[in-house]
Amino acid sequence: MKKPMAMSIAGSDPSSSAGIQADIRTFDRCGVHPFSVITAITYQTATEFFGYDSLSDRLDKQLEAVLGDYPIKFVKIGMIPDMKTLDIIIEYIKKYELSVVYDPVFVSSAGSRLSSEGLELEIERDLFPLVKILTPNVNEAAYYSNLDLTNTTSDIIREAAEILLDKLLINETTNIVEKAVILKSAASTQDKVFDIALMNKQIGEETKKKFKVYSKNKISFQGNVHGTGCVFSSAITAFLAKGSSIEEAITKGEGFFSSKFQNLIDLPDGGKIIDLTISNEQIEVINQIKEIYTFISHSQISSKLIPEVRMNISCSLPNAMKHDEIAGIEGRITIINGYPNASGEIKFGVSDHTARLILSVKKFDTSINLVLNLKYIPELIKSLRDKTDLEIVEIIRENQPINVKIKEFSTMEWLIKETVEKKGKIPDIIWDKGSVGKEPMIRLFGRNSKEIINKLKKILVLVPT
Ligand code: PXL
């Protein structure tokens, strides 16, 4: 399969949490190969900025080397330190017809300027018309729209978005071009922050302007998180490179950002940065889910095992204690054209009843890391009992104490406790006939993907056709 590729043209941040380092790491996390061209070297930590040197004399050679050789289409642009850098970038955007996501960055999160005075106007005039998606924060949006966006109403934020989008469209001769602006953290309530997107969407022969509001949980602490804008705009670029439309890329970029923004690293100087690390253990967990999913998704018979509530595969880190240490498939697995199909990506912390099951199982048997929920088919249970060596335990939901029924979490805990009390261990399968409003379900447990696939093979030959 061809690997999606994208390029970042940005400044180096030695704290590796903003700038080109953040872009590379984000592209990686999104499964996109990162090309990187450096516009400047900055000297900074997550909280202090000491200065920068422009690499404008070395920019041309970097760009020609990669763009001359590789079919790169999507590019994210960050720090543009000076006029010469801007001119070279523009030359290459035109020459290679690049699709541009531009994250305007005039001041660093520590408050210092990242570009020469007055460059904003040149950027507006020369770069904006070549930009596909613009991701300003409120200050940058206020500057370019010439509107006061402090403590403002949603009408004024929308007006600012319209002014900015018009600036991207200023040189377009047809009206069927798709572009977008996203005003980051443009509005907030007590516990939510909102990004306001405005896009020009093509519908038949015309384009229509469409607003979309994305809400994020407000995290309250002093100061700000270094590098957030870089991660967000790079994620959008990565999803464009993976084939998403503008609207999809923004939505997926928002999703990626929100999931990463939950885990911050507190640096010793008080700086906060987004945790973009991923361990080999985490990769192993994701690969195990991928292996099982690949096996299932190539088998039409597997689709008969997808329950009404859809299927999930949950896999835990060996010593998991919390939800975010368990990975699953976002949106679960459904059936498309007769085959099982994942609705979303494999991620940690996508809460699900299968994830809760593993956490409960781990209290009794730490060697079990995987669980799948399968459709209940009465004949299948009978054949599995008669013809396989799989250990099967039935749980009667009616026996569940009423105070446990109220919370699904305790239901999963109860189900496992009941099984261990009955059998003294976790069997291969725990199933139940359901109850009012609860679909009957088969749950398959295992230590690793190989073991699960072996068990699935035994099950699949017995699925009634
Ligand atoms: O997050 C904006 C940004 C972009 N690029 C570089 C930076 C910063 C913020 O400090 O240093 C190089």
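Predicted model only: the values in this text are computed from it and were never measured. (Residues numbered from 1 in each chain as written. Predicted model: local features only at pLDDT ≥ 70, side-chain atom pairs only at ≥ 80, totals over all residues.)

### Remarks on the sheet that holds strand 9 (residues 206-217)
The mixed open sheet is built from 9 strands, whose spatial order is 3-2-1-4-5-6-7-8-9. Each edge of the open sheet is held by one strand with a lone partner, namely strand 3 (49-54) and strand 9. Between one strand and the next, the sheet's axes are offset by a mean angle of 25°, whatever the strand orientation. Bridging between strand 6 (residues 131-134) and strand 7 (residues 180-188) involves 2 bridges; their strand directions are parallel. Residue pairing across strands places I133 opposite A180, the latter belonging to strand 7. Helix 8 (residues 246-261) rests against strand 6, strand 7, strand 8 (192-203) and strand 9 of the sheet, and its axis sits at about 160° to strand 8. (Pairing = 2+ DSSP bridges. Helix = DSSP H or I, 4+ residues; strand = E, 2+ residues; numbered from the N terminus. Axes fitted to C-alpha atoms, helices over the stretch in contact; angles between N-to-C directions. Contact = placed C-beta atoms within 7 Å.)

### Digging into helix 5 (residues 138-145)
Among the residues of helix 5, those classed as buried are E140, A141, A142, Y144 and S145. Following helix 5 by one or two positions, N146 adopts a phi angle in the positive range, close to 60°. (Buried ≥ 20, exposed ≤ 12 C-beta atoms within 10 Å, placed from the backbone.)

### Here's the deal with the site of the ligand
Residues in contact with the ligand amount to 16 residues; listed here are only the nearest, G11, A18, G19, V105 and S108. For the shell around the ligand, the secondary structure elements donating two or more residues are strand 1 (5-12), strand 2 (33-44) and helix 7 (228-241). Per-class residue counts for the shell around the ligand are 6 nonpolar, 9 polar and 1 charged. (Near = placed C-beta within 6 Å. Nonpolar A, V, L, I, M, F, W, Y, C, P; charged D, E, K, R; others polar.)

### Things to note about the domain arrangement of the protein
Taken as a whole, the protein is organised into domain 1 (5-274) and domain 2 (280-460). Relative placement of domain 1 and domain 2: their C-alpha centres are 40 Å apart. (Domains from an automatic or database assignment.)

### Section: the nonpolar core
By size, the foremost hydrophobic cluster in this structure holds 73 residues, and its most contacted members are A180, V181, L183, A235 and I236. Ranked by residue count, the leading element in this core is helix 7, at 9 residues. Those residues in contact with V181, other than ones at most four positions away along the chain, are L134, A161, L164, L165, L168 and L198. With 41 residues, the next largest nonpolar core counts I296, I313, W431 and I442 among its residues. (Core = buried A, V, L, I, M, F, W, Y, C linked by C-beta atoms within 7 Å.)

### Overview of helix 9 (residues 280-297)
Turn by turn, an α-helix covers 3.6 residues, leaving residues three or four places apart pointing in a common direction. With 18 residues, helix 9 extends 25 Å from end C-alpha to end C-alpha; this agrees with the ideal 26 Å at 1.5 Å per step. Along helix 9, the residues classified as buried are V285, Q288, I289, I292, Y293 and I296. In an axial view of helix 9, the angular spread of the buried residues amounts to 125°, which keeps them on one side of the axis. Of the residues in helix 9, the exposed ones pointing more than 90 degrees away from the buried face are N280, I283 and T294. Those residues of helix 9 that are buried lie in contact with strand 13 (313-316), strand 14 (326-329), strand 16 (339-342), strand 17 (346-348), strand 18 (370-375) and helix 14 (449-460). (Expected span 1.5 Å × (residues − 1). Arc of directions from axis to C-beta.)

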